[in-house]
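Residue strings, one per chain:
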Amino acid sequence: SFCNIIGLALYARITKKKFVLTFHRIASDITEDVFDERYRKLSPLSFLITLFNRLLVFLSSATTVLSHAQKERITDGASKVYVIPEPVNVCETPRVPHEQFTFIYHGFIKPSKGLDTLVEAYSRIRETNGNIKLIIIGGLDPADRDETLESYYSKLKGYIESKSEELNIEFH
């Protein structure tokens, strides 16, 4: 519970023990399903969750998150927050030729994962190095579907499909 986490963080701070906090999903992401976009920033629940997240970051020795979007969401650029993306399960990925450098993304597709940034960065690298490939394995989280996510997904998928041959991108 929130109280246990705060208690543990306070204990670590008082006893000068290292306390590394890892966010897999920012609690304020959950409120996105509950509140309309216009009112999210004003909602008391969203405010309290954001305050709680920032208190935990303050009390921790270091904090890790899965994306830059998550980092921005819980901090205003705190230096002790580090982005460590989720690892990919290589057993589920397609085989790739050894002579080609291949980037693989595996996971749910949503704006907080930064897949549009990955595709943009990849396309820039591809301009100078034609011997690379990007494989995207993923879809929408069935428990987290809404019009905004579906719009993001379809725009991203449409862009990738229109440029797949030129950019050497596979979408599974």
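Notes on the structure in this doc start here.

Reading guide: rules and limits
- Positions within a chain are numbered from 1, following the residues in the order the chain's sequence is written.
- At least 70 in pLDDT is required for a residue's local features to be given in this predicted model, at least 80 for side-chain atom pairs to be given and counted, and no such filter applies to totals for whole chains, interfaces and linings, which use all residues.
- Heavy atoms throughout the structure, all of them, feed into the side-chain values; hydrogens and water do not.
- Any two strands are treated as partners once DSSP identifies two or more bridges connecting them.
- In DSSP terms, a helix is any run of H or I states spanning at least four residues, a strand is any run of E spanning at least two, and both are numbered starting from the N terminus.
- Between N-to-C directions, angles span 0 to 180 degrees; the directions come from axes that are lines fitted to C-alpha atoms, helices contributing only their stretch in contact.
- Only buried Ala, Val, Leu, Ile, Met, Phe, Trp, Tyr and Cys residues count toward a nonpolar core, and they belong to the same one when joined by side-chain atoms within 4.5 Å.
- Here's how the labels work: a residue is buried when its accessible area is under 20% of the maximum for its type, exposed when over 50%, partly exposed in between, all with a 1.4 Å probe on protein chains only.
- Contact criterion: two residues are considered in contact whenever any of their non-hydrogen atoms come within 4.5 Å of each other.

**Let's talk about the sheet that holds strand β3 (residues 81-83)**
Part 1: Within the open sheet, the 3 strands sit side by side as β1-β2-β3. Their pairing is parallel. Looking at strand neighbours, the two that pair on one side only are β1 (20-22) and β3, the edges of this open sheet. The sheet shows a mean angle of 25 degrees between the axes of neighbouring strands, direction not considered.
Part 2: Where β1 lies against strand β2 (residues 62-65), 3 bridges are found, and the strand directions are parallel. Directly across from V20, in β2, lies its bridge partner A62.

**Observations regarding the nonpolar core**
Part 1: Grouped together as the largest cluster of nonpolar side chains are 17 residues, with contacts concentrated most on I109, L115, V119, I136, L156, I160 and I169.
Part 2: Of all the secondary structure elements, the ones that give two or more residues to this core are α6 (115-128), β5 (132-137), α7 (147-167) and β6 (169-171).
Part 3: For this core, the element with the highest residue contribution is α7, accounting for 6 residues.
Part 4: Ignoring any residue separated from it by four or fewer positions in sequence, one finds I169 in contact with V119, Y122, L134, I136, I160 and S164.

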